[in-house]
Number of protein chains: 2
Amino acid sequence: MVNYQARLDRTFAALVDPTRRAILARLEREDAVTVSELARPFAIKLPAVMKHLDVLDDAGLITRAKAGRTVTVRLRPEPMREAADWLRRYERFWSGSLDRLAAYAEAKEAAARAKERKGRS
Amino acid sequence: MVNYQARLDRTFAALVDPTRRAILARLEREDAVTVSELARPFAIKLPAVMKHLDVLDDAGLITRAKAGRTVTVRLRPEPMREAADWLRRYERFWSGSLDRLAAYAEAKEAAARAKERKGRS
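The residue numbering used here restarts from 1 in each chain and proceeds along that chain's sequence as written. Lettering of chains starts at A and numbering of ligands starts at 1, both following the order in which they are written. Residues qualify for local features only when their pLDDT is at least 70, as the model is predicted, and side-chain atom pairs are given and counted only at 80 or more; totals for whole chains, interfaces and linings, by contrast, use all residues. Only hydrogens and water are set aside; all other atoms, that is, all heavy atoms of the structure, feed into the side-chain values.

Enquirer: Quick one: what's the story with the pattern of salt bridges, residue by residue and with numbers?
Expert: By definition here, a salt bridge exists when the distance from a side-chain nitrogen of Lys or Arg to a carboxyl oxygen of Asp or Glu is within 4 Å. All chains considered together, the criterion is met by 22 salt bridges over all chains. Between Arg88(A) and Glu91(B) there is a salt bridge, with the nearest N and O atoms lying 2.9 Å from each other. With one member in each of two chains, Arg88(A) in helix H5 (residues 78-88) and Glu91(B) in helix H6 (residues 91-120) form a pair that bridges those chains. Relative accessible area serves as the criterion here: at 33%, Arg88(A) is assigned to the partly exposed category. Only protein chains enter the accessibility calculation, which uses a 1.4 Å probe; a residue is then buried when its area is under 20% of its type maximum, exposed when over 50%, and partly exposed in between. Look at Glu91(B) and you get partly exposed, because its relative accessible area is 25%. Residues Arg88(B) and Asp85(B) are paired through a salt bridge, measuring 2.7 Å at the closest nitrogen-oxygen approach. Of this pair, Arg88(B) and Asp85(B) are both found in helix H5 (residues 78-88), three residues apart, which corresponds to roughly one turn of the helix. By relative accessible area, Asp85(B) is classed as partly exposed at 38%. Here the salt bridges do not stand alone but share partners, grouping Arg26(A), Glu30(A), Glu37(A) and Arg40(A) into one network. Runs of H or I in DSSP of at least four residues are treated as helices and runs of E of at least two as strands, each being numbered from the N terminus.

Enquirer: Summarise the interface of chain A and chain B; cite the residues concerned and give the values.
Expert: Taken together, the contact pairs 27 residues of chain A with 27 residues of chain B. Simply put, the buried area is the total loss of 1.4 Å probe accessible area from both parts when two parts are fitted together. Carbon and sulfur atoms supply 67% of the area that chain A and chain B bury against each other, a total of about 2800 Å² over both sides. The largest per-residue losses of area from chain A upon contact with chain B belong to Arg21(A), Glu28(A) and Trp94(A), which jointly make up 24% of the total buried on that side. Counting across the chain A and chain B interface gives six salt bridges. Among the salt bridges present, the one from Asp9(A) reaches Arg21(B), with a minimum N-O distance of 2.7 Å. Any pair of N or O atoms that falls within 3.5 Å is considered a polar contact. Within protein, one atom must be able to donate a hydrogen and the other to accept it, and sequence-neighbouring residues count only if both atoms are side-chain atoms. Seen at the junction of chain A and chain B, the total is 12 residue pairs in polar contact (both at pLDDT 80 or more). Mapped onto the side of chain A that touches chain B, the elements with two or more residues apiece are helix H1 (2-15), helix H2 (18-29), H5 and helix H6 (91-120) of chain A. Residues count as neighbours in contact if any of their non-hydrogen atoms are within 4.5 Å of one another.

Interpretation note: all reported values are geometric properties and have no functional meaning in isolation.
Pasting the structure below:
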């Protein structure tokens, strides 16, 4: 249980930064990206990107493999599953409002049908 | 877009702390809880709980209403919807592994059926 909470702490902390979220989003689209390729779209310097990669690595969200001078980064999405599952319990609030909308639409329809029947008889 | 990123920053930052997650989880189960009731299960002092409530309030995740000396806290789950939606894009990785498992089970079944037919002929 303590480990579960500590993992959630680390995952959510890793997701707080927009640069880290952008790195994860890119790795979702591309299977393996070199560090220099990952750093290219950002206005920040390479060492700053490396620090973000350290945070993502510590949170278990990426893996890094070195071949010569090239470091390739891959996504390790598993920790995000626990975070998504944690958030899932609140889903009823927004899907609930859709249910209420559907119930309202159904009630209106039933009322319209009842009125129609009354008009015919 | 900047606002969207800033909102995600704040939501994920609010979710980093296990005490804040526990407060949100309680408010998911109970509609309205007083601050002193919320503070009761925690080993930390009331001012520390109040600070966590400030963070949750700043992130738009709770509302507080004062009546006399009693402050009642309610959940405002909407910001978590964006966080859940952000995480949703990674869902294919774990639902994908379930798909692969289903495909494997189907292939095994098909092979067993083919073997059975061969045995009969």
